[in-house]
Amino acid sequence: MGALHAGHEALIKTAQSARDESGIVVVSIFVNPLQFGPNEDFARYPQALPQDLKMCERNRVDLVFAPSVQEMYPLPQLTFTEVTRMGEHLCGKFRPGHFRGVATVVLKLLNIVQPDRAYFGEKDMQQLAVVRRMVADLNLPVTIVGVPTVRESDGLALSSRNTYLNADERKAAPALYRALQEAGRLIRSGERDTAKIRQAGLAVLNESPLIRVEYFEIVDPDDLQPVSALNGPVSLAAAIWIGSTRLIDNIFLGA
């Protein structure tokens, strides 16, 4: 959605590394109003198209597709794409309609650009899972490729919304990743009580008075539903508020 940073650059570089398969690299830049709720930050979402284009040029992108809202939605949108179940938990619980907007715009972008491969960041774990399921269910002729999360030196996952944070909030923000790591550490050490694992992660987040926890969950990485027994791979996912800024992050733990 623009305001490109090193995380987006990693998507581009991964696509560049597959030029033998892909031929050309296209970047789409579009802040999608369909995925913002009525009280969310669509109006102030960071947009920096001139700088974004420079990054794309620097990384040898062949084409940039940066349509206007009027181009993407020339008529009132009456047709939508929705991935049920997978889009209803985690972020979907707190952002009703968000993943319907995501799935709809991604389907439109895939139809317009018609790529062979499309690259999505693993930081937005739920978005990636929803897009993968949509592509599978609708038999779309595209391969969805996940690209690992890019982080600052203190662990904070890169996000365009990080620019909203003031100095104190930015200092507190890495607690999100530390909380996920602490919960992951317990799992790796043999802990199987999901309540204790969640409590350990929440304890890290509760150390900062600036942080308000929206959710901290242990889920199946395929269908994103909460797990009650740890007997296979899991994903730990969390969302927090720091001031008026919402941040998400996740980590994956194999078998």
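Scroll up a little and you will see the structure.
Each value, and the rule that gives it
- Residues numbered from 1 in each chain as written.
- Predicted model: local features only at pLDDT ≥ 70, side-chain atom pairs only at ≥ 80, totals over all residues.
- Heavy atoms only, no water.
- Axes fitted to C-alpha atoms, helices over the stretch in contact; angles between N-to-C directions.
- Helix = DSSP H or I, 4+ residues; strand = E, 2+ residues; numbered from the N terminus.
- Parallel < 35°, antiparallel > 145°, perpendicular 65-115°, else oblique.
- Left-handed = near helix turned anticlockwise from the far one by under 90°.
- Contact = heavy atoms within 4.5 Å.
- Nonpolar A, V, L, I, M, F, W, Y, C, P; charged D, E, K, R; others polar.
- Pairing = 2+ DSSP bridges.
- 1 Å grid on protein atoms, 1.4 Å probe; cavity = no way out; pocket = protein on both sides within 12 Å on 5 of 7 lines; lining within 4 Å.
- Points joined across faces, edges and corners; volume = space filled by probe spheres on them.
- Buried < 20%, exposed > 50% of the residue type's maximum accessible area, 1.4 Å probe, protein only.
- Phe/Tyr/Trp six-rings, centres within 6.5 Å; stacked < 30°, edge-to-face > 60°.
- Lys NZ or Arg CZ within 6 Å of the ring centre and 35° of its normal.

**A word on the packing of helix α9 (residues 175-188) against helix α10 (residues 194-205)**
Taken N-terminus to C-terminus, the directions of α9 and α10 make an angle of 155°; their axes are 8 Å apart at the nearest point. When the interaxial angle is binned, α9 and α10 end up roughly antiparallel. Viewed along their axes, α9 and α10 form a crossing whose handedness is right-handed. Residues Ala175, Leu176, Arg178, Ala179, Glu182, Ala183, Leu186 and Ile187 of α9 pack against Lys196, Ile197, Ala200, Gly201, Val204 and Leu205 of α10. The residue inventory of the contact of α9 with α10, partitioned by class, reads 10 nonpolar, 1 polar and 3 charged.

**Quick look at the sheet that holds strand β5 (residues 211-219)**
Sheets are built from strands paired through backbone hydrogen bonds, the pairs being either parallel or antiparallel. Spatially, 3 strands are ordered β5-β6-β7 in an open sheet, and the strand pairing comes out antiparallel. Either end of the sheet is taken by a strand with one partner, and the two such strands are β5 and β7 (245-253). Across the sheet, the axes of successive neighbouring strands diverge by a mean angle of 15°, strand direction being ignored. Both strand β6 (residues 234-242) and β7 contribute to a ladder of 9 bridges, which runs antiparallel. When the sheet's bridge partners are listed, Val234 is paired in β7 with Leu253. Where α10 meets the sheet, its contacts fall on β5 and β6, and the angle it forms with β5 comes to roughly 155°.

**Observations regarding empty space enclosed by the protein**
If you walk through the whole model with that rule in mind, you get 1 cavity of 30 Å³ or more. Of the volumes computed, that of the largest cavity is approximately 40 Å³. Around the largest cavity, the lining residues are Lys123, Leu156, Ala157, Ser159, Asn162, Leu176, Leu247, Ile248 and Asp249. When the residues that make up the lining of the largest cavity are grouped by side-chain class, the tally is 5 nonpolar, 2 polar and 2 charged.

**Some words on the environment of Arg132**
If you trace the backbone, Arg132 turns up in helix α7 (residues 125-137). Between the C-alpha atoms of Arg132 and Gly101, which are 31 residues apart in sequence, the distance is 15 Å. In this structure, Arg132 is in contact with Ile144, Val145 and Gly146, ignoring residues within four places of it in sequence.

**Observations concerning the side chain of Thr245**
Secondary-structure assignment places Thr245 in strand β7. The buried category is assigned to Thr245, whose relative accessible area is 2%.

**Section: the packing of aromatic side chains**
This model, assessed by the stated rule, comprises 4 aromatic pairs. Pairing Phe30 with Tyr73 gives two aromatic rings, centres 6.2 Å apart and planes at 50°, and the pair type is tilted. Residue Phe30 is located in the loop between β1 (26-28) and α3 (49-58), and its partner Tyr73 is located in the loop between α4 (69-72) and α5 (91-94); the two are separated by 43 residues in the primary sequence. What makes Phe30 buried here is its relative accessible area of 8%. Among the aromatic residues, those joined into a ring-pair cluster are Phe36, Phe42 and Tyr45. Against the face of Tyr164 rests Arg44, its NZ or CZ located 3.9 Å from the ring centre. For Arg151, the ring lying beneath its charged end belongs to Tyr177, and the centroid distance is 3.6 Å.

**Considering the pairing of β7**
By the criterion of burial, β7 is predominantly enclosed, with 8 of the 9 residues buried. Counted along the chain from β6 to the antiparallel partner β7, the turn is 2 residues long, and its residue Gly243 has a positive phi close to 65°.

**Side note on the layout of surface pockets**
Reported here for the second largest pocket is a volume of approximately 400 Å³. As for the second largest pocket, its lining consists of 16 residues, and the residues nearest its centre are Met125, Leu128, Arg132, Pro221 and Ser235. Mapped onto the lining of the second largest pocket, the elements with two or more residues apiece are α7 and β7. The element that contributes the greatest number of residues to the lining of the second largest pocket is α7, accounting for 5 residues. In terms of residue class, the lining of the second largest pocket is built from 8 nonpolar, 3 polar and 5 charged.

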